[in-house]
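What the coordinates show
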Amino acid sequence: MSLAPRAVLVHRTTEYEELLARHGTRGQAEFFLASRGRGIAEVAERHHRAAQAVADVAAAVPLTWRRARVERADLDRFLFGPEDVVVVVGQDGLVANTAKYLSGQPVAGIDTDPGRNPGVLVRHRPADAGRLLRSAVLPGTAADELAMVEAVADDTQRLVALNEVFLGPAGHQTARYRVGPDRDGADPEAQASSGIVVGTGTGATGWLRSLWLERGSALPLPAPAERRLLWFVREAWPSPATGTTRVAGNLSGTERLRVTVECDRLVAFGDGMESDALTLTWGQTVRVGVCDTALRLLV
């Protein structure tokens, strides 16, 4: 007997809840903000909108379905199942934070604050949740297959991200490594820099785009569903021992960028989640490229 689908609602702690956790009461939080020329009303209103959106989505889950909730901080400890339908209630970035822990489950993005969020990934309103959930389990459901990036270390550590992977020093200072294409006969270049960013077409609206603009790059930005990545080295430093000729490029299909660590410690994290990072030490190699799994974002 097959299991009933499970609706997994992903949300995150609001700014208002963080203020209460820090200051204890609404009055104390209000005093703290007022002493700095700020008010609590707007923050509280956003909190109430977010809470109402989560409640509306929860109420739309079919009665015969199983259900679960997970907060952003607990995503790395939550076990998603193959029969799950994931509903992300919040901001675009929360979809990216969730995507790295999935393996092809359908995802619906629900915008809790239309007009404030770009709505690139949270494309729907709470009132759409029931329709999206029911359609998600039907054959041929329309979904965008958004390309993802993965980094795999030589000790089998693996990291997946929807927007970008960063490889560099934990303190964003200077790392030393060798970088080049992962193919026989390729001659890697020794570099010293503040890190490398490898991004997708979805990430081309954020950090990747800012690097692309800053460089005046002639490389075309990938589309979100395109199985192609761009990579940029940040602030490569020329010296007698390090070069700056390999500072940007494309990765398509099965192509991989190979990075070999030549410093005490290098980290790799995805989509800004530094708390869930790979740690690499001297002599280790990590390969970065297009992930076989895509994010199935319901349309």
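That block above? That's the structure.
Below is a short write-up of the structure. (Residues numbered from 1 in each chain as written. Predicted model: local features only at pLDDT ≥ 70, side-chain atom pairs only at ≥ 80, totals over all residues. Heavy atoms only, no water.)

This part is about the overall build of the protein. The helix and strand inventory of the protein stands at six helices and 18 strands. Over its C-alpha atoms the protein spans a radius of gyration of 21 Å, differing by no more than 12% from the 19 Å that the globule rule assigns to 299 residues. Seen through its principal axes, the protein has C-alpha atoms that stretch 60 × 60 × 35 Å. Per-residue burial for the protein yields a buried fraction of 49% across its 299 residues. Considering only contacts within the protein whose residues lie at least 6 apart along the sequence, 68% involve residues at least 24 apart. Between the centroid of the 34 positive side chains of the protein and the centroid of its 36 negative side chains there is a distance of 2 Å. (Helix = DSSP H or I, 4+ residues; strand = E, 2+ residues; numbered from the N terminus. Rg over C-alpha atoms; globule rule 2.2 N^0.38 Å. Buried < 20%, exposed > 50% of the residue type's maximum accessible area, 1.4 Å probe, protein only. Contact = heavy atoms within 4.5 Å. Lys, Arg positive; Asp, Glu negative; His and termini not counted. Charge placed at Lys NZ, Arg CZ, Asp CG, Glu CD.)

Attention shifts here to the sheet that holds strand β4 (residues 106-111). Judged by pairing direction, the sheet is mixed, and its six strands sit side by side in the order β2-β1-β3-β4-β18-β5 without closing on themselves. Taken across any chain shown, the strands that pair with only one partner, and hence form the sheet edges, are β2 (66-71) and β5 (143-146). With strand direction ignored, the average angle separating the axes of adjacent strands in the sheet is 30 degrees. Sheet analysis places β4 next to strand β18 (residues 295-298), joined by two bridges and oriented parallel. Bridge assignment links Pro106 to a residue of β18, and that residue is Arg296. On the sheet, helix α4 (residues 92-99) packs against β1 (6-11), β3 (84-90), β4 and β18 and is oriented at approximately 145 degrees with respect to β3. (Pairing = 2+ DSSP bridges. Axes fitted to C-alpha atoms, helices over the stretch in contact; angles between N-to-C directions.)

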